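Each chain is listed here by its residues.
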Amino acid sequence: KQWYQRRVRDHKTLHYGYDIANNDNPCPSIDELPEKLNVHDIEGIILWRDMKNKNRPRGWDSPLGFSLEYNQSTAMDAATKTLDFISQTVEVFSYWTDGINVLQKKDASNETAKQHLSMLLEMEIKIRQLDILDIEGLHLP
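The structure presented is a predicted model; accordingly, all values stated were derived computationally and were not measured.

The buried fraction of strand β2 (residues 13–18) amounts to five of the six residues, a majority that puts the element mostly inside the structure. In the sheet, β2 pairs with strand β3 (residues 35–38) via four bridges, with the strands oriented antiparallel. By the bridge assignment for β3, Tyr 16 is matched with Glu 35.

See below:
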């Protein structure tokens, strides 16, 4: 069963759907994805690689897998649910997990994010060493 997911540009909603792609359009648009998940409903991320000592379902052995725990509570159903992902590459895995963490106002924790932060800090130091901070309109946090 193949499913697709997209994030809306406002960074507040994820749209997803199952078995929607066709031969003409292998990647469906947001309008073609019927299910929605608000980012504020996401309670956390479960990294499958961290579940080694826990009872996990069969097939959850990918180091690039993760689940989003969410709760869209209604009067009838208040149970926590999951959306399960398997990324194709380490880079995609890093983008997804860091992106969800940042949307939840948590720190990005993957190596890629640490490298990007280090690069930005080095650039800030170089700019400060150039003593160009007196330029009007240039403000560094």
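Back to the write-up after that little detour.
This part covers the packing of aromatic side chains. Under the criterion given, the structure shown has four aromatic pairs. Centroid distance Phe 66 to Phe 93: 5.8 Å. Interplanar angle 70 degrees. Geometry classified as edge-to-face. Pair noted here: Phe 66 is in strand β5 (residues 65–70) and Phe 93 is in helix α1 (residues 90–103), with a separation of 27 residues, a long-range link. Between Phe 66 and Trp 96 the ring centres are 6.3 Å apart and the planes differ by 40 degrees, which places this aromatic pair in the tilted class. Residue Phe 66 is located in strand β5, and its partner Trp 96 is located in helix α1; the two are separated by 30 residues in the primary sequence. On the basis of relative accessible area, Phe 66 is assigned to the buried category, the value being 0%. Taken together, the ring pairs in this structure connect Phe 66, Phe 85, Phe 93 and Trp 96 into an aromatic cluster.

What counts as what
Residues numbered from 1 in each chain as written. Predicted model: local features only at pLDDT ≥ 70, side-chain atom pairs only at ≥ 80, totals over all residues. Heavy atoms only, no water. Buried < 20%, exposed > 50% of the residue type's maximum accessible area, 1.4 Å probe, protein only. Helix = DSSP H or I, 4+ residues; strand = E, 2+ residues; numbered from the N terminus. Pairing = 2+ DSSP bridges. Phe/Tyr/Trp six-rings, centres within 6.5 Å; stacked < 30°, edge-to-face > 60°.

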